[in-house]
Amino acid sequence: MGDVLAGFQTVWEFDTDSMLIRFERGIRTPKLLQALGERRIPFEALSGVELAVGKRGTVVLRAVPRPGADPLMDAADGQLKEAYDPYRLVLPAERETLADYYAERIRESLCPDADVPAETHLVAVPPAPLSFKAYDGKASFDGKAISFRWFWTGASSEKWKVGDQRFRIDELTGVEWRSPESRGSAGTAPKEGSVKAASAKDSSAKGSSIKGGSAKDGTARNGTGKAAPKGGGHGYLRLLRRSAEDEPAGRPDKDPAAVVFGMGYGLVHQSLPFAAAVLEAIRASSPVPCTEGAPAPNRAAAPRRDPADIAERIRHLGELHTAGLLTDDEFSAKKAELLAEL
């Protein structure tokens with residue numbers, strides 16, 4: 001397309017097979033969008049586009065990502081406020097006709113499988129190394145493993161007993177992120193529905209909500225006797241381990257595979273990109289699942305793929321390799337598999 005559509009705080013630049021979304025820097029732009037800077041969204045990663053009347057004389061154009069295509073949206077799992085949504089473009093109402101024109105152009109560019117969850121992530125995430133401070137510890141990700149270093153002022157006695165933690169990517173099946181702006185105590189246990197990386201179906205699963213398990217006064221206590229965050233505005237990041245798949249999820253403030261947010265720690269613009277990067281690394285390292293009881297897929301008998309599609313997937317693998325999310329051997333092996341399909 002080669003066109004530019006500028007809205008409030010956000011600009012969409014169109015290309016033949018994708019669009020570049022750029023976010024302006026400024027006090028009115030949410031910190032999450034400032035942290036993202038810009039994102040290239042292949043049309044293959046979209047399931048549709050919506051146009052609706054906005055507030056105060058505006059119209060809103062929103063691209064709809066396919067489940068499983070964007071690790072950031074998979075990790076967020078519907079918990080983002082509208083202002084934080086990186087797929088929204090707000091325009092003056094008088095530009096509604098122009099917005100409708102571009103909405104139709106995007107629809108024409110969608111892939112035939114737009115309604116089907118994506119088998120692989122198609123949108124890049126912030127590269128490692130990444131880190132942020134939670135309420136009870138510091139989380140770090142170097143591209144191969146996640147480390148939790150506990151703070152004596154916030155960590156529970158249970159976490160202090162097991163000590164600082166380090167989890168390799170191959171030990172994990174997914175992540176569970178609960179927004180620090182959600183309501184409920186940080187010490188409560190979630191319902192089922194975590195975001196996993198094993199399949200597109202799992203990656204698009206609904207996020208967990210909080211129930212029960214808080215202290216009598218609604219406050220979780222840590223080893224120092226200091227009260228953990230109380231009331232609304234608290235969340236957590238939990239790593240889902242293969243070794244604990246059959247165990248019930250416990251309270252995040254006591255789980256050594258989780259860090260708790262609150263009181264200015266684990267903010268959305270810090271913790272969500274971190275969770276997305278971890279989710280992408282897990283998905284990239286996981287084999288494509290097979291249906292139980294079904295034979296492994298026979299790649300030699302598979303139909304020949306579109307060369308343009310193969311080239312795009314190799315380009316995406318190259319981005320993951322450059323970001324340190326794939327080793328040299330993993331990149332070479334996956335690239336050879338794709339080339340074999342030509």
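Residues numbered from 1 in each chain as written. Predicted model: local features only at pLDDT ≥ 70, side-chain atom pairs only at ≥ 80, totals over all residues. Heavy atoms only, no water.

**Q** So what's going on with unusual backbone geometry? Residues and values would help.
**A** Going from alanine 128 to proline 129, the amide bond is cis rather than trans, its omega being 5°. Along the chain, proline 129 turns up in the loop between helix H3 (96–109) and strand E8 (130–133). Backbone geometry places glutamine 9, a non-glycine residue, at a positive phi of 70°. Within the element layout of this structure, glutamine 9 appears in the loop between strand E1 (4–6) and strand E2 (10–14). (Helix = DSSP H or I, 4+ residues; strand = E, 2+ residues; numbered from the N terminus.)

**Q** Help me get a handle on the pattern of salt bridges, residues and values and all.
**A** Scanning the entire structure with this criterion turns up 15 salt bridges. Between arginine 39 and aspartate 70 there is a salt bridge, and its shortest N-O distance comes to 2.7 Å. Pair noted here: arginine 39 is in strand E4 (residues 38–42) and aspartate 70 is in the loop between strand E6 (58–65) and helix H2 (71–76), with a separation of 31 residues, a long-range link. Each member of the pair arginine 39 and aspartate 70 is classed as buried. For aspartate 255, the salt bridge is made with arginine 241, and the minimal N-O distance between the two is 3.8 Å. On the criterion of sequence distance, the pair formed by aspartate 255 in the loop between strand E16 (236–241) and strand E17 (258–260) and arginine 241 in strand E16 is long-range, its members being 14 residues apart. Of the residues examined, aspartate 255 reaches a relative accessible area of 11% and is grouped as buried. Take arginine 241: its relative accessible area is 24%, and that puts it in the partly exposed class. Salt bridges sharing partners connect three or more residues here, namely Glu176, Arg238, Arg241 and Asp255. (Salt bridge = Lys/Arg side-chain N within 4 Å of Asp/Glu carboxyl O. Buried < 20%, exposed > 50% of the residue type's maximum accessible area, 1.4 Å probe, protein only.)

**Q** Any details on the layout of surface pockets? Residues and values, ideally.
**A** What the second largest pocket holds in volume is close to 720 Å³. Lining the second largest pocket are 20 residues, and of these Thr58, Val60, Ala83, Arg88 and Val90 lie nearest its centre. Contributions of two or more residues to the lining of the second largest pocket are made by strand E5 (46–53), E6 and strand E7 (88–92). (1 Å grid on protein atoms, 1.4 Å probe; cavity = no way out; pocket = protein on both sides within 12 Å on 5 of 7 lines; lining within 4 Å. Points joined across faces, edges and corners; volume = space filled by probe spheres on them.)

**Q** Give me the lowdown on the nonpolar core, citing residues and values where you can.
**A** Grouped together as the largest cluster of nonpolar side chains are 64 residues, with contacts concentrated most on Trp12, Met19, Phe141, Ile146, Leu237, Leu272 and Val278. Here this core gets ten residues from one element, more than from any other, and that element is helix H6 (residues 268–285). With residues up to four places along the chain from it excluded, the contact list for leucine 272 reads Leu32, Leu72, Ala75, Ala76, Leu80, Trp177 and Leu267. (Core = buried A, V, L, I, M, F, W, Y, C linked by side-chain atoms within 4.5 Å. Contact = heavy atoms within 4.5 Å.)

**Q** An account of the sheet that holds E5 is needed here, citing residue identities and associated values.
**A** Think of a sheet as strands paired side by side through backbone hydrogen bonds, with each pair either parallel or antiparallel. Across the sheet, which stays open at both edges, the three strands sit in the order E5-E6-E7 with antiparallel pairing between neighbours. Of all the strands in the sheet, just E5 and E7 have a single pairing partner and so form its edges. Neighbour-to-neighbour, the strand axes of this sheet turn through a mean angle of 15°, independent of strand direction. For E6 and E7, the ladder comprises five bridges, and the chain directions are antiparallel. Considered in E7, the bridge of threonine 58 is made with proline 92. Packing against the sheet, H3 makes contact with E5, E6 and E7, and its axis sits at approximately 165° to E5. (Pairing = 2+ DSSP bridges. Axes fitted to C-alpha atoms, helices over the stretch in contact; angles between N-to-C directions.)

**Q** So, the pairing of strand E12 (residues 172–178): which residues are in play, and what are the values?
**A** For E12, a buried count of seven out of seven residues is recorded, marking the element as mostly surrounded by other parts of the structure. As judged from the six bridges shared by E12 and E16, these two strands associate in the antiparallel manner. Along E16, the bridge assignment pairs leucine 172 with arginine 241.

**Q** Describe H3, naming the residues involved and giving the relevant values.
**A** Here H3 spans 20 Å end to end across 14 residues, near enough to the 20 Å set by a 1.5 Å rise per residue. By the burial criterion, the buried members of H3 are Ala99, Tyr102, Ala103 and Ile106. Buried residues of H3 fall within an arc of 110° about the axis and therefore sit on the same side. Structural note: H3 exposes Thr97 and Glu108 on the side pointing more than 90 degrees away from its buried face. (Expected span 1.5 Å × (residues − 1). Arc of directions from axis to C-beta.)

Just distances and angles here, no functional claims.
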